[in-house]
Amino acid sequence: MSGTPPHLPTAVLDALRPTAHRLVVHRRGSTVWDVTSPHGRHAVKLGHPIEATPDWPAQPWTALAPAREHAVLTHLGVDGTASGTWQHGTWNVQPWREGTDLHTHWASHRQAGSTADLDTCTALACVKALADLHAQGWVHGDVQPAHLLIAPDRTHLIDLALARGGPVPTEHDFPYRGCLVHYEAPEIAHSVLTTGRAKPTRASDVYALGAALLISATGWRAVAYPDDAPRPVQRRAVANGHRRPVRAPGQLGDLIDAMLSHRADDRPTLHQVHSALR
């Protein structure tokens, strides 16, 4: 689906009775609305399939992603969620999470001539958000700067459609086929290249968080490949360990480098990262 964003489904309108709504994102496979209602503020996600193009295979699973995320949120005990179907796929309603994404939050560090050390409090808050999810028996599988929302009181880790850790209704489940390649660990990229799917782990989440911290601090991806390279080319570069000689400034740089270790066993655990930041 492309072009004009779809309207909010009738079932969502009936449930929320919106007093205001704002389009947040409309891209291939997903549309997200910020909806205010008498019941509070909500994120409404609509999933729709991605049609095949000459350089992109069809991805019908994106239509199921909102329902799958709702199942994960239910396992995690998040209140105020709902899910259903609409003509192109599934939708979910969940509490709106206020905050600034990590990449935007650290924009000043990427300015020319910046000499300030990285904000370790922010890095620590991101580590804690991911560690809290791991403590509940789940791995995220899609950690990236846009999914880390920095707020004064806490940092939210959002977009859990790819998370693994508990049973999901069969009709809404789908195999894990990797995520945005910039944040894929080498073992994930290798598995997707060879089998078409992978199994996210705590170690691959640690790598993804390290890559998110690096690009937010420096503006550089962890791995070198052409910006317009096809995904298989990107994944081969990641799987082969084509790391850029880029370091985040300050003492956090060493820690991020360790998080980006090629071998999963060489990466620190989140507990070790947390202790080092403290």
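Before reading further, recall that the structure is shown in the block above.
Residues numbered from 1 in each chain as written. Predicted model: local features only at pLDDT ≥ 70, side-chain atom pairs only at ≥ 80, totals over all residues. Heavy atoms only, no water.

Enquirer: Requested: an account of the overall build of the protein, with residues and values cited.
Expert: In terms of helices and strands, the protein carries 9 helices and 8 strands. Relative to the 2.2 N^0.38 estimate, which gives 19 Å for 278 residues, the radius of gyration of the protein is 19 Å and therefore close to what a compact globule would have. By its C-alpha atoms, the protein is 50 × 45 × 35 Å across when sized along the principal axes. Burial status across the protein gives 49% buried among its 278 residues. Long-range pairs, those at least 24 residues apart, make up 56% of the contacts in the protein between residues at least 6 apart in sequence. Of the roughly 13,500 Å² that the protein leaves accessible, carbon and sulfur atoms contribute 53%. Averaging the locations of the 26 positively and 25 negatively charged side chains of the protein gives two centres separated by 2 Å. (Helix = DSSP H or I, 4+ residues; strand = E, 2+ residues; numbered from the N terminus. Rg over C-alpha atoms; globule rule 2.2 N^0.38 Å. Buried < 20%, exposed > 50% of the residue type's maximum accessible area, 1.4 Å probe, protein only. Contact = heavy atoms within 4.5 Å. Areas by Shrake-Rupley, 256 points an atom, 1.4 Å probe, with all protein chains shown as cover. Lys, Arg positive; Asp, Glu negative; His and termini not counted. Charge placed at Lys NZ, Arg CZ, Asp CG, Glu CD.)

Enquirer: Describe in detail the nonpolar core, supporting the description with residues and values.
Expert: Among the nonpolar cores identified, the biggest contains 59 residues, and Leu102, Trp106, Tyr207, Leu209, Leu213, Leu252 and Leu277 are the most heavily contacted of them. Going through the elements one at a time, helix H2 (65–75), helix H4 (120–135), strand S7 (148–150), helix H5 (186–195), helix H6 (202–218), helix H7 (231–239), helix H8 (252–259) and helix H9 (270–277) are the ones with two or more residues in this core. With 10 residues, the top contributor of residues to this core is H6. Apart from residues lying up to four places away in sequence, Tyr207 is in contact with Tyr183, Glu184, Ala185, Pro186, Ala222, Val223, Val238, Met259, Leu260, Ser261 and Arg267. (Core = buried A, V, L, I, M, F, W, Y, C linked by side-chain atoms within 4.5 Å.)

Enquirer: Please set out the packing of aromatic side chains residue by residue, giving values where relevant.
Expert: A complete count under the given rule lists 1 aromatic pair for this structure. Ring centres of Trp61 and Phe174 lie 5.0 Å apart, and the angle between their planes is 40°; on these two criteria the pair is classed as tilted. Within this pair, whereas Trp61 is found in the loop between strand S3 (40–47) and H2, its partner Phe174 is found in the loop between strand S8 (155–157) and H5, the two being separated by 113 residues in sequence. By relative accessible area, which is 23% here, Trp61 ends up partly exposed. Above the face of the Phe174 ring, Arg68 is positioned so that its terminal group lies 5.6 Å from the ring centre. (Phe/Tyr/Trp six-rings, centres within 6.5 Å; stacked < 30°, edge-to-face > 60°. Lys NZ or Arg CZ within 6 Å of the ring centre and 35° of its normal.)

Enquirer: Describe in detail H8, supporting the description with residues and values.
Expert: All buried positions along H8 are accounted for by Leu252, Gly253, Leu255, Ile256 and Met259. On an axial view of H8, the arc spanned by its buried residues comes to 160°, and they lie on one face. Turning to H8, the residues buried within the fold contact H4, H6 and H9. (Arc of directions from axis to C-beta.)

Enquirer: Hey, could you go over the sheet that holds strand S5 (residues 89–95) for me, with residue numbers and the actual values?
Expert: The strand order S1-S2-S3-S5-S4 describes an open sheet built from 5 strands, whose pairing is antiparallel. Each having just a single partner strand, strand S1 (20–27) and strand S4 (82–86) make up the two edges of the open sheet. Sheet twist, expressed as the mean angle between neighbouring strand axes with direction ignored, is 20°. Pairing of strand S2 (residues 30–37) with S3, which is carried by 8 bridges, proceeds in the antiparallel orientation. Bridging across to S3, Ser37 finds its partner in Gly40. (Pairing = 2+ DSSP bridges. Axes fitted to C-alpha atoms, helices over the stretch in contact; angles between N-to-C directions.)

Enquirer: I'd like a description of the packing of H4 against H6, backed by residues and values.
Expert: At a closest axis distance of 11 Å, the pairing of H4 and H6 adopts a crossing angle of 160°. By the angle class used here, H4 and H6 are roughly antiparallel. For H4 against H6, the interelement crossing comes out right-handed. From H4, Ala123, Cys126, Val127, Leu130 and His134 reach across to H6, where they touch Arg202, Asp205, Leu209 and Leu213. In terms of residue class, the contact of H4 with H6 is built from 6 nonpolar, 1 polar and 2 charged. (Parallel < 35°, antiparallel > 145°, perpendicular 65-115°, else oblique. Left-handed = near helix turned anticlockwise from the far one by under 90°. Nonpolar A, V, L, I, M, F, W, Y, C, P; charged D, E, K, R; others polar.)

Enquirer: Let's hear about the pattern of salt bridges: which residues, and what values?
Expert: For the structure on display, the rule yields 15 salt bridges. One salt bridge in this structure joins Asp34 and Arg22, with 3.1 Å as the shortest N-O distance. One end of the pair, Asp34, is in strand S2; the other, Arg22, is in strand S1, with 12 residues separating them in the sequence. Measuring nitrogen to oxygen at the nearest pair gives 2.9 Å for the salt bridge that ties Asp227 to Arg221. When its relative accessible area of 67% is taken as the criterion, Asp227 is described as exposed. Taking relative accessible area as the criterion, Arg221 reaches 11% and is therefore assigned buried. (Salt bridge = Lys/Arg side-chain N within 4 Å of Asp/Glu carboxyl O.)

Enquirer: Give a detailed account of the sheet that holds strand S6 (residues 100–101), specifying residues and quantitative values.
Expert: Spatial ordering of the open sheet is given by S6-S7-S8, a layout of 3 strands whose pairing is antiparallel. Only two strands of the sheet have a single neighbouring strand rather than two, namely S6 and S8. Pairing between S6 and S7: 2 bridges, direction antiparallel. Looking at S7, one finds that Thr100 is bridged to Ile150. Sheet strands touched by H4: S7 and S8. Its angle to S8, the strand with the most contacts, is close to 40°.

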